[in-house]
Structures are given as C-alpha cells and as structure tokens.
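Residues per chain, in single letters:
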There are 2 protein chains.
Amino acid sequence: MNQEKLLLGPGPSNAHPSVLQAMSQPLIGHLDEDFLQIMADIKRMLQATFQTQNELTFAVSAPGSAGMETCLVNLLEPGDEAVICIHGVFGNRMADIAERCGAKVIKVEAPWGEAIDPDQVREALKICRPKLVAIVHAETSTGVLQPLTEISELVHEVDSLLVVDAVTSFCGTYLNIDEWGIDAVYSGSQKCLSAPPGLSPVSFSARAVEVLNARKTKVQSWFLDLSLVSNYWQGAKRAYHHTAPISSMYALKEALNLVLQEGLKARFERHLQAHKLLKVGLEDMGFEFLVSEEYRLPMLNAIKLPVGIDDQLVRDKLLKNHQIEIGAGLGGFAGKVWRIGLMGENARPKPVSTLLSALKEII
Amino acid sequence: MNQEKLLLGPGPSNAHPSVLQAMSQPLIGHLDEDFLQIMADIKRMLQATFQTQNELTFAVSAPGSAGMETCLVNLLEPGDEAVICIHGVFGNRMADIAERCGAKVIKVEAPWGEAIDPDQVREALKICRPKLVAIVHAETSTGVLQPLTEISELVHEVDSLLVVDAVTSFCGTYLNIDEWGIDAVYSGSQKCLSAPPGLSPVSFSARAVEVLNARKTKVQSWFLDLSLVSNYWQGAKRAYHHTAPISSMYALKEALNLVLQEGLKARFERHLQAHKLLKVGLEDMGFEFLVSEEYRLPMLNAIKLPVGIDDQLVRDKLLKNHQIEIGAGLGGFAGKVWRIGLMGENARPKPVSTLLSALKEII
C-alpha cells in the first residue's frame, strides 16, 4: 500500500475514498445490460455537469489528451483551416494535433500567463474561413482562466465551431456548454472531478455532429472515430467497438455522483474559497501570483518563485518530508513558477493550511 | 455493489481480488518517483511475460485497440505497403487502421475459423515489398491459434517487420517475442492477464525502433506517438506526455506479479487443462467446436450452436439466472457461434463445471 500523499499539483488530485472503493467492485462485461446502464448514467451526469443537452456526451476511454485528439481528428479533415489560440502548453498541443490532421493552422497567441484578447480572434477571422476555433478555458500550464463568451459570438458569426479545452475547469468553476455555445469540449477525470486519471469526458453540439456527418474522409484514428464510438455509447443496438475500462467507469460514475450531490454552484464556491485562503496565506509569505487577478484560475495557482528559493529542493522536501506534491513550471516557466492545484476533494481549508504550514517550515 | 458474475466471454475475465484491491490504493502523481518506479516494475514484468529483451516495452494508456493503433500508426507512413492477414474481426480492424494511415494494404485472407497458411504469405510477398506484415496470433472472433514461426521467417527474409496481435494469447499460451522474431506486439490487460480493461501492453524490437527513428513524417496520432510516449516511459529525464491512468497501472502491476509468481509455464498448462475439461463436457452434451483441433485456442472456445438452440435466450438465462457471461458470435457468426472464454483467473476447473451445470439446466 502506498503512503497517502496530498496531491496539490496540476492533477491528479486526491480521490474521495468512495471513488477509490468503487474501482474494487467486481468486473462485468462491456456489453452487459448492467454496464450499459452505467454508461447511460454517466452520460446523463456528464450532461448535467457540462450543463448541456448535447446527445453526443460521453467519456473517451483514455486520458484528457486523447479527448483533445478526439475533438480535433473528428472535426478536421486535410486542408481545413483551424484557428488555434495558444497561451500555454495545451494550446501548443492542440496546434500540433491539428497539424497532424492535415489542417492549415492559424495561430492566435498571447504571452504565457495572459488571456487571449477577443480582438485577436476577430483579426484572425478576417484572414481565414476556419472550420473551427480552438481555445483552452483553463490553461493548466499558466493558471489563466480564459473568458469565452465574446469569443464564442465571434466564432459563430462566421459559422465556425468553437472547441474548448476544459480539462482543468470542469467541475471546478462555472462552465456552461449550451449557454456559451461550445461545439466540442473535452476534459479529464483527474482534476476537479477527483476521479482517477484515464478517462476524458467530451460533448459535441448538434452543429458539431452535422459537421461529423458531413465528413468526406475517414477519421484518421480508428480508436477515436466518433462514427464508431457513438454506436457503442448510444442508439438502439449498442455495437461493440472497444472494451471499455470498466473499473475506471465505476469510479467516474461515483465521482460524478458526488459532484451532483454537492451541487455545481456549491462546488464552484468551494473552489473559490479555497483559492482565496491560499492567496492570503501565500501573499503573507511574500509570494506573488503569475496571473493578474481578473484572469486567475481558482483551482490552479501559478506563483512566481522568489529569488533564492531552490525549486527542486523545496518541492523534494514537500514531497518527501510532508507528503505534499505541488507542480513544477512547464516549458519556459520551469524553475520559475510553481503550480499549486486545489482541485476537487482538495479544494478545502485543510489542504491549504497543511501546505502553508509545510512551506513555512521549509522556507 | 454489483453482484459478482462469472465472466466467460471474450474478456474482460474476472480479476483476482488482490488486483481489484490494488486499484483502491491512494493516487500518486504521474511524475512522482514512486510512480516512475511502478512504471519501471511494469516494464520489467512485461519483458518477462512477453519473453523479450526489447527496451521499448510498456503499457499504452488505453485499451487493446489503441495498442493495435499504436503499432500501425507508428510503423506506417503514407504510401507504405502493408500485408494484413485477415481471418476474423481483428484482422479486418488492422486493415482498416492501416488504410487510415495511408498505407497500401495487401490482404491475405483465410475463411473465419481457419488459420492463415504460410504459403499465402509467401505468395503475397512475391507481389509487394511491404514495410510490415500484420497477423493475429489468437483470433478472439473465431478461436483460432495462428502458428507464427514459419511466417516470421518469410517476413524477415524480405526485410519486413512482423506485427502481431496477442490480445487474447498473452499470458495464456506460449508466446515468445524474441524467439519468434516479432517486431511489434500489442495485447490487452483484461484477457488472460485478468486485470481490468483499459491498458494495452506493447513491445517493439530494435528493428522496429530503427524504422520508427527513420520516419519522414510525424505520426498521425499525438497521443500514440512513440517518439513522445517513449520519453515518458524511459530515459534519464522522464518527460510529461499525458497523465497516466495511475489506478489501472496499480492493477496491472499486481496482475503481472501474480502471473510471474505462478510462472508462465504453469499458467499456460492451467489454461490448456481448463480447455480440455470444457471440451470433454461440451462434447458430452453434443456441442462441436468451430476450429479444427490443431488450431484451437485454449482460452477462447468457439462452439457451433446446434439447431434448435435459441442463442439470445440461452445467453440471457445464463447471465440472469446463473450470473454467467459467455460471448456471442461476431459478424457472420452472430447467432451461429458461442465464444466461451477461460481466461486468466477463470482457467480453472470450478468455472468450467459451473458453466457446464448451468448449460445442462437450461438446454
């Protein structure tokens, strides 16, 4: 048995004991009616948590990056134009995948730690006719919460599709797929949902489904091809596509249950309050946030490392002496930034005070 | 809590209680040294079970079909020729994926329920210069065990790569990657390994790695791109690629532990003995096997439905009254064939006698 650690990095977060326990249930077949019922329950609960009526709402049988790839490989065909907004690692990853789809990528970039300005998207839309515009709602590499409503309007004015990365925001801060007109969204199970990593909740609007149905070429990935996967997740005859990760789905169902029992509004507020508590504590110690207050993610706190603090040494001490994981900086932020996650089960006063005490002891 | 069912279909099989229990261990970070150690342990144990020294041996973070796709999208580039042997559903799936890679597919086909004759491969190799020849070792849709050694020689005589689907054979019958000269192999966690579904063990020979390194184009899948995934699984600096499914990896490690404690030879023999017991029982009841004895898989028994037996009715009664799942026929075998799996934990006398008693009661 591993020693329990407090996971305050960019995910995974700690799972609720009942979620871990759910994984130990006996296995059943992936076409068993009891399992199809679990899939139906998960779909319904994902619709509730994504705040959408979208029929095509389910969990990809692989981690969040496979959810990202699912959205892009299904919506893009060779030669399509795609506007990809980049203000961190995950925007870059989307651009990489879109290029692998044979799309012509138009990049809209903001410095890491800042949000994309809607005017940048407006300008980009003047020089191309993109099939989709993709943007990260919660940049896990920088801690930026990206406003989406204005950009969504711009995208739909030109009849393009809005693809959103909600890996870190889902179940932790306000996200309304239908109200915001998001056409394709993907997330991960291991962040504010506090389930084990390995599944990627996704949802597609009716507009997106029309685009899928109008494809001229086969999707380049068989495993992620929605024309095949959707026949397993919905319809009268549930056709075998792949063997679903049964135990992970048990965990996902239980984690979604907990979210809906708590209520989305209360859960978002809990994440915000934990963030505020951390903010006061860190600022008392002299730390500064990377992102300006307006665009700050509550569940992923990117803070600047003061001069004189040894990044690796402090993180090692936190992990080895205090069993607390926090996240290192990615890319250009390596050694300059820490990423402190307060996600799902960990967005509570106790983990915040545990971390602050440990940091005070070490620094 | 679900009622425990006896899973005698084409997988998942029932997991050992200690494997299910392993999934309830507290989560840790995907870059935590303790987790990197688990990955190293899994790699070492996969090398032992695959009987290979291959450095590039690991578990894809998604089910077996993603393992299949990993092998093909990494080894094939647009315009490459690929010989795909088809004698069931999974050969067809390989051909589909290879075509999605832009490869020119040369199909070598045998009737479902029969093995591919090496002479067929010999003939195919006269009319093309394929980059790889792909074949299913254990066709889960038909119950055929495909001999590989002669085909392997033919493939290597023309400097091609041998890609093998070992989803159902791995850990249940003799499979020796190095001795047989297999260049790329993929399996699943939920068959004879008796772990929950969701991971796909894979291994690549030094020859295959050379081909990977010589690619002229990017792999079409970012998620499955071995040039990226391998930096997470090996090397001095373990680079973040995706968030690994931590809990599923705990289960995989425990399942591999159990296999190695038992010993491969004993495990193969156990599968064979369970098959023989089932064979006697079924033949006593008048059932006939689909596959001739020489090519019969021990862990996946395809039997013909006698006239007068209602496929769906009997399988429903087995599942609802006896909590036993067996597999329906796929494709052209729907309604004509049953597939009885004796995999991993279930390759024992008890599950065989439980099934035979239930069948006698129903029929």
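All values reported here derive from a predicted model rather than from experimental measurement.

This part takes up the domain arrangement of chain A. Residue and element names in this part refer to chain A. Looking at the assigned domains, one finds that chain A contains domain 1 (6-11 + 263-362) and domain 2 (17-260). With 24 residues of domain 1 in contact, the opposing surface of domain 2 contributes 24 residues. Secondary structure elements with two or more residues in the side of domain 1 that touches domain 2: helix H10 (264-284) and strand E12 (300-304). The residue makeup of the side of domain 1 that touches domain 2, split by class, is 14 nonpolar, 6 polar and 4 charged.

Take the nonpolar core next. The biggest cluster of nonpolar side chains holds 242 residues, and the ones touching the most others in it are Ala98(A) and Ala98(B). If we ignore the near neighbours within four places in the chain, the residues touching Ala98(A) are Leu72(A), Leu76(A), Ala82(A), Ile84(A), Ala103(A) and Val105(A).

With 51 residues of chain B at the interface, the matching set in chain A holds 51 residues. Those elements giving two or more residues to the side of chain B that touches chain A turn out to be helix H1 (17-22), helix H3 (64-75), helix H4 (89-100) and helix H9 (246-262) of chain B.

Here we come to the relation of the copies chain B and chain A. You can overlay chain B on chain A at an RMSD of 0.0 Å; the transform is a turn of 180 degrees with a shift of 0.0 Å along its axis. As the rotation angle and translation indicate, the two copies are arranged about a two-fold axis. Residue Ala62(B), judged by its C-alpha, is the member of chain B lying nearest the rotation axis, at 2.6 Å. Both copies present the same face, since 100% of the interface residues in chain B are matched by interface residues at the equivalent positions in chain A.

Looking at chain A, the pLDDT average stands at 97 and 99% of residues meet or exceed 70. Two numbers describe this predicted complex: its pTM, 0.97, and its ipTM, 0.97.

What follows covers the sheet that holds strand E2 (residues 56-60) of chain A. Residue and element names in this part refer to chain A. Spatially, the 7 strands line up as an open sheet ordered E2-E10-E9-E8-E5-E3-E4, and their pairing is mixed. Both edges of this open sheet fall to E2 and strand E4 (104-109), since each of them pairs with a single strand only. Here the strands of the sheet are splayed against their neighbours by 15 degrees on average, with no regard to which way each runs.

Residue and element names in this part refer to chain B. Contact geometry of helix H5 (residues 118-126) with helix H6 (residues 149-157) gives a least axis separation of 9 Å together with a crossing angle of 10 degrees. The angle between the axes of H5 and H6 places the two elements in the roughly parallel class. Taking contact as the criterion, the partners of Pro118, Val121, Arg122 and Leu125 in H5 are, on H6, Glu150, Ile151 and Leu154. The residue makeup of the contact of H5 with H6, split by class, is 5 nonpolar, no polar and 2 charged.

A separate point is the sheet that holds strand E2 (residues 56-60) of chain B. Residues and elements named next belong to chain B. Strand order in the open sheet made by the 7 strands is E2-E10-E9-E8-E5-E3-E4, with mixed pairing throughout. Lying at the two open borders of the sheet, with one neighbouring strand each, are E2 and strand E4 (104-109). Direction aside, neighbouring strands of the sheet carry axes that sit 15 degrees apart on average. In this sheet, strand E5 (residues 132-136) lies alongside strand E3 (residues 81-86) in parallel orientation, the contact comprising 3 bridges. Along E5, the bridge assignment pairs Ile84 with Ala134. On top of the sheet, H5 reaches E3, E4 and E5; it is set at about 150 degrees to E4, its chief contact.

The next thing to look at is H4(B). Count 3.6 residues to each turn of an α-helix, and residues three or four apart come out pointing the same way. All names here are of chain B. Between its first and last C-alpha, H4 extends 17 Å over 12 residues, near the 16 Å set by a 1.5 Å rise per residue. What H4 keeps buried is the set Phe90, Gly91, Arg93, Met94, Ala95, Ile97, Ala98 and Arg100. On its buried side, H4 packs onto H3, E3, E4, E5, strand E6 (138-139) and strand E8 (161-165). Positioned one or two residues after H4, Gly102 has a phi angle of 80 degrees, which is positive.

Turning to the environment of Gly64(A), a few remarks are in order. Here Gly64(A) is to be found in helix H3 (residues 64-75). In this structure, the C-alpha to C-alpha distance between Gly64(A) and Val167(A), residues 103 residues apart in sequence, is 6.7 Å. If near-sequence neighbours (up to four positions away) are discounted, Gly64(A) is found in contact with Val167(A), Tyr186(A), Ser187(A), Gly188(A), Ser200(A) and Thr243(B).

Turning our eyes to something else, we now look at the packing of H10(A) against helix H12 (residues 349-362) of chain A. Residue and element names in this part refer to chain A. Put simply, H10 and H12 touch, their axes get as near as 9 Å, and they point 20 degrees apart. Overall, the two elements H10 and H12 adopt an arrangement that is roughly parallel. Along this stretch, H10 crosses H12, giving a crossing that reads as right-handed. Residues Ala274, Leu277, Leu278 and Gly281 of H10 form the contact with H12, whose own contacting residues are Pro349, Val352 and Leu356. Classifying every residue of the contact of H10 with H12 by side-chain character gives 6 nonpolar, 1 polar and no charged.

Next up on the list: the environment of Val73(B). Residues and elements named next belong to chain B. Examined against the element boundaries, Val73 turns out to sit in helix H3. On the basis of neighbour count, Val73 is assigned to the buried category, with 25 C-beta atoms found within 10 Å. In this structure, the C-alpha to C-alpha distance between Val73 and Ser205, residues 132 residues apart in sequence, is 16 Å. Apart from the residues within four sequence positions on either side, Val73 is in contact with Cys101, Val219, Gln220, Ser221 and Leu224.

Quick notes on the rules
- Within each chain, residues carry numbers counting from 1 in the order of the written sequence.
- For naming, the first written chain is A and the first written ligand is 1, with later ones following in the order written.
- Given that this is a predicted model, residues contribute local features only at a pLDDT of at least 70 and side-chain atom pairs are listed and counted only at 80 or more, while totals for whole chains, interfaces and linings are drawn from all residues.
- The domain limits used here are those given by an automatic or database domain assignment.
- Placing C-beta atoms from the backbone, we regard two residues as in contact once those atoms come within 7 Å.
- Under the scheme used here, helices are H or I runs from DSSP no shorter than 4 residues and strands are E runs no shorter than 2 residues, and both carry numbers assigned from the N terminus.
- In this classification, Asp, Glu, Lys and Arg are treated as charged, Ala, Val, Leu, Ile, Met, Phe, Trp, Tyr, Cys and Pro as nonpolar, and every other residue, Gly included, as polar.
- By definition, a nonpolar core groups buried Ala, Val, Leu, Ile, Met, Phe, Trp, Tyr and Cys residues that are joined through C-beta atoms within 7 Å.
- A residue is called partly exposed when the number of other C-beta atoms within 10 Å of its own lies between 12 and 20, exposed at 12 or fewer, and buried at 20 or more, with C-beta atoms placed from the backbone.
- The least-squares superposition of copies is restricted to C-alpha atoms, and to residues with a pLDDT of at least 70 in both copies.
- Per-residue confidence from the prediction method is given by pLDDT, with values spanning 0 to 100.
- Strand pairing is assigned whenever DSSP identifies at least 2 bridges connecting the two strands.
- Working convention: axes come from line fits to C-alpha atoms, limited for helices to the stretch in contact. Angles between N-to-C directions cover 0 to 180 degrees.
- Reported orientations rely on four angle classes, namely roughly parallel under 35 degrees, roughly antiparallel over 145, roughly perpendicular from 65 to 115, and oblique for the rest.
- Take the number of residues in a helix, subtract one, and multiply by 1.5 Å to get its expected span.
- Should the near helix be turned anticlockwise from the far one by less than a right angle, the crossing is left-handed, and should it be turned clockwise, the crossing is right-handed.

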